[in-house]
Amino acid sequence: MKSLPDGYNALVFGASGGLGSAIVDQLQHSAQCAHVEAVSRRSGHDFDLVDDSALSALASRLAEQHGKFHLILDATGVLSVDGHAPEKSLKELDIDSMSRAFLINAIGPALLIKQFSPLLPTKEKSIFAILSARIGSIGDNRLGGWYAYRASKAALNQFLRTASIEIARSNPNAVCVALHPGTVETALSQPFARGRYTHTPAVAAARLLSVIDQTTPEQSGSFFAYDGSSIPW
């Protein structure tokens, strides 16, 4: 992360997942990164993605312990909900699974932006990156299906885009970006990876970190793929 200052702090949510843990590992092996705070339901942080009060308390504790974070990355998300695979047709829509998808894929990350974007420093470049998915692009949707996952990721993209505009008013050096990691060889994507190009969590993590390292504040509010290409909303 050459665009960030030496000795920067990083904060990763969803750090116990396949891709989240790979990102943490990459950062921990970087001499430039002084500290990586790895947060997940298993990390002992009393982390609840959809509990606003708990997130506020966690943000206060981390700010007191570590100060500012130049890199905040959200790697949370869900594809199959409570055993419900992505829908192939309208007749498969289910209120409970759709609600859960929106809660985890869109509302939770929006709360992370709300509570943790104030921990970004203001005097130099900082990054708030969220893992989205190309399938959440409305402009790129040519196959249909996967209703709840598509729509929840589209909602996530809108939250990120809207927040980037507000954050820029008080923190013009911040970069807020949505990222498409591609199909990564993890438990989340394994059932749906057949016939697709896949890459390992380590490779995906390195590519994503490289992409955000090259972003500028002028690109805040953008949506990028793991290869650096821009994705339409």
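Residues numbered from 1 in each chain as written. Predicted model: local features only at pLDDT ≥ 70, side-chain atom pairs only at ≥ 80, totals over all residues. Heavy atoms only, no water.

A complete count under the given rule lists two salt bridges for this structure. Here Asp52 and Lys114 are joined by a salt bridge, their closest N and O atoms 2.6 Å apart. Of the two residues, Asp52 is situated in helix 2 (residues 52-66) and Lys114 in helix 3 (residues 95-116); the sequence distance between them amounts to 62 residues. Residues Arg142 and Asp140 are paired through a salt bridge, measuring 2.8 Å at the closest nitrogen-oxygen approach. With relative accessibility at 66%, the residue Arg142 sits in the exposed group. Take Asp140: its relative accessible area is 24%, and that puts it in the partly exposed class. (Salt bridge = Lys/Arg side-chain N within 4 Å of Asp/Glu carboxyl O. Helix = DSSP H or I, 4+ residues; strand = E, 2+ residues; numbered from the N terminus. Buried < 20%, exposed > 50% of the residue type's maximum accessible area, 1.4 Å probe, protein only.)

Looking now at the packing of helix 2 against helix 3. Axis separation between helix 2 and helix 3 bottoms out at 9 Å; the angle between their running directions is 40 degrees. Of the possible angle classes, the one that applies to helix 2 and helix 3 is oblique. The handedness of the crossing between helix 2 and helix 3 comes out as right-handed. Residue-level inspection shows Asp52, Leu55, Ser56, Leu58, Ala59 and Leu62 of helix 2 in contact with helix 3, the latter providing Leu111, Leu112, Lys114, Gln115 and Phe116. (Axes fitted to C-alpha atoms, helices over the stretch in contact; angles between N-to-C directions. Parallel < 35°, antiparallel > 145°, perpendicular 65-115°, else oblique. Left-handed = near helix turned anticlockwise from the far one by under 90°. Contact = heavy atoms within 4.5 Å.)

This part covers the state of the cysteines. Enumeration over the complete set of coordinates arrives at zero disulfides. Among the cysteines around Cys33, which has no disulfide bond, Cys176 carries the closest sulfur, lying 19 Å off. With a relative accessible area of 9%, Cys33 lands in the buried category. (Disulfide = S-S within 2.5 Å.)

Here we come to the nonpolar core. Core analysis: the largest hydrophobic core is formed by 34 residues, its most contacted members being Leu11, Phe13, Phe47, Ile72, Leu112, Phe116 and Phe128. Those elements giving two or more residues to this core turn out to be strand 1 (8-13), helix 2, helix 3, strand 4 (126-131), helix 4 (147-170), strand 5 (174-180) and strand 8 (222-225). Considering each element in turn, this core owes the most residues, six residues, to helix 3. Aside from chain neighbours lying at most four places away, what touches Ile72 is Leu11, Phe13, Phe116, Leu119, Leu120, Ile127, Phe128 and Ala129. Counting residues in each nonpolar core, the second largest holds 30 residues, with Val12, Val36, Ile127 and Leu208 among its members. (Core = buried A, V, L, I, M, F, W, Y, C linked by side-chain atoms within 4.5 Å.)

Attention now moves to the packing of aromatic side chains. Across all of its chains, the model carries four aromatic pairs by this definition. On the basis of an interplanar angle of 65 degrees and a centroid distance of 4.8 Å, the ring pair of Phe13 and Phe116 is categorised as edge-to-face. With Phe13 in strand 1 and Phe116 in helix 3, this pair connects stretches of sequence that are 103 residues apart. Looking at Phe116, the relative accessible area reads 0%, which means it is buried. What links up through ring pairs into an aromatic cluster is the set Phe13, Phe47 and Phe116. (Phe/Tyr/Trp six-rings, centres within 6.5 Å; stacked < 30°, edge-to-face > 60°.)

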